[in-house]
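Examination of the molecular architecture
Chain by chain, the residues run as shown.
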Amino acid sequence: LAEGTTTQVFLGGSRESIDRARQLIEETLGKARERSGANNPNANIVRVPHELIGLLIGKGGETVRELKKESGARIDISKEPAKDGNPDDRLVHLSGPPECVEYAKKMIEEMLNRSRERASAGLQDRSRSRSGSRSRSIKSKSRSRSPAKKG
């Protein structure tokens, strides 16, 4: 539904069942508003490149669960690519108390920066190892040896 759209819901059953259903609907809508940032000045969105989203989620969701637990923020990762900006980005929605949201944002950014640094270092290491192995293979093919000192 588009924001601001109203939908009428009819509930039937006992008074107790209707009250419980109304409560569940209101809780669900409240969570959706919190997640989307509507009416939540503390909500924050972090853009994460699609190729790094697996790092953020972790095996079986372990990393994102740990981030939620340590920061105290709610962290929701969009399953769809970002519609605005870079289509290769995924949106990570952070919400909760301001200090928790800021801490979660800092933790995510640090994790992404470490990953980028490792990737950059890995590229440098590969170029060094390729040039080193190339010079070794050239020496072995030519069977060149250092002259032996007689003495």
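To be clear, the structure that these remarks concern was listed above.
1. Looking at the overall build of the protein
The helix and strand inventory of the protein stands at four helices and three strands. Going from N to C terminus, the protein has its helices and strands arranged as α-β-α-α-β-β-α. By the burial criterion, 23% of the 151 residues in the protein qualify as buried. Intrachain contacts of the protein at a sequence separation of at least 6 include 59% that bridge at least 24 residues. Summed over its atoms, the accessible surface of the protein is roughly 11,700 Å², and 50% of this surface lies on carbon and sulfur atoms.

2. What to know about the sheet that holds strand β3 (residues 89-95)
As summarised here, the arrangement of the three strands in space is β1-β3-β2, forming an open sheet in which the pairing is antiparallel. Every other strand in the sheet has two partners, leaving β1 (44-49) and β2 (74-81) as the edge strands with one partner each. Along the sheet, successive strands turn relative to each other by an average axial angle of 25°, direction set aside. Bridge count for β1 against β3 is six bridges, and the pairing is antiparallel. Bridge pairing in β3 places V48 opposite R90.

3. Quick look at the pattern of salt bridges
The final tally for this structure, using the stated rule, is three salt bridges. Salt-bridge contacts for D89 lead to R47; the nearest nitrogen and oxygen are separated by 3.8 Å. Separated by 42 residues along the polypeptide, D89 in strand β3 and R47 in strand β1 bring together distant segments of the chain. Between D76 and R74 there is a salt bridge, with the nearest N and O atoms lying 2.8 Å from each other.

4. Overview of the environment of R47
Residue R47 is classed as partly exposed on the basis of its relative accessible area of 35%. Sequence-wise, R47 and G85 are 38 residues apart; in three dimensions their C-alpha atoms are separated by 9.6 Å. What R47 contacts, discounting residues up to four positions off in sequence, is A82, D84, G85, N86, D89, R90 and L91.

5. Some points on the nonpolar core
Of all hydrophobic cores here, the largest spans 19 residues; its most connected members are V48, L56, L67, I75, V92, L94 and I108. For this core, the element with the most residues is helix α4 (residues 98-142), which contributes seven residues. The contacts of L67, once residues within four sequence positions are left out, are L56, G72, I75, M107, I108 and M111.

6. Digging into a nonpolar patch on the surface
Among the surface-exposed residues, V9, L11, I25 and L29 lie close enough to one another that they form a single nonpolar patch of about 310 Å² accessible area. Turning to its location among the elements, L29 is positioned in helix α1 (residues 15-36).

7. Let's talk about the side chain of S115
Counting through the fold element by element, S115 comes out in helix α4. S115 sits in the buried class, given a relative accessible area of 12%. If sequence neighbours within four positions are ignored, S115 has contacts with L52 and L55.

8. What to know about helix α3 (residues 62-71)
Within the sequence span of α3, burial applies to V64, L67 and S71. For α3, the angular spread of buried residues about the axis comes to 55°, placing them on one side. Away from its buried face by more than 90 degrees, α3 exposes E62, R65 and K69.

Each value, and the rule that gives it
Residues numbered from 1 in each chain as written. Predicted model: local features only at pLDDT ≥ 70, side-chain atom pairs only at ≥ 80, totals over all residues. Heavy atoms only, no water. Helix = DSSP H or I, 4+ residues; strand = E, 2+ residues; numbered from the N terminus. Buried < 20%, exposed > 50% of the residue type's maximum accessible area, 1.4 Å probe, protein only. Contact = heavy atoms within 4.5 Å. Areas by Shrake-Rupley, 256 points an atom, 1.4 Å probe, with all protein chains shown as cover. Pairing = 2+ DSSP bridges. Axes fitted to C-alpha atoms, helices over the stretch in contact; angles between N-to-C directions. Salt bridge = Lys/Arg side-chain N within 4 Å of Asp/Glu carboxyl O. Core = buried A, V, L, I, M, F, W, Y, C linked by side-chain atoms within 4.5 Å. Patch = residues over 30% accessible without salt bridge, like charges linked within 9 Å, V, L, I, M, F, W, Y side chains within 5 Å. Arc of directions from axis to C-beta.

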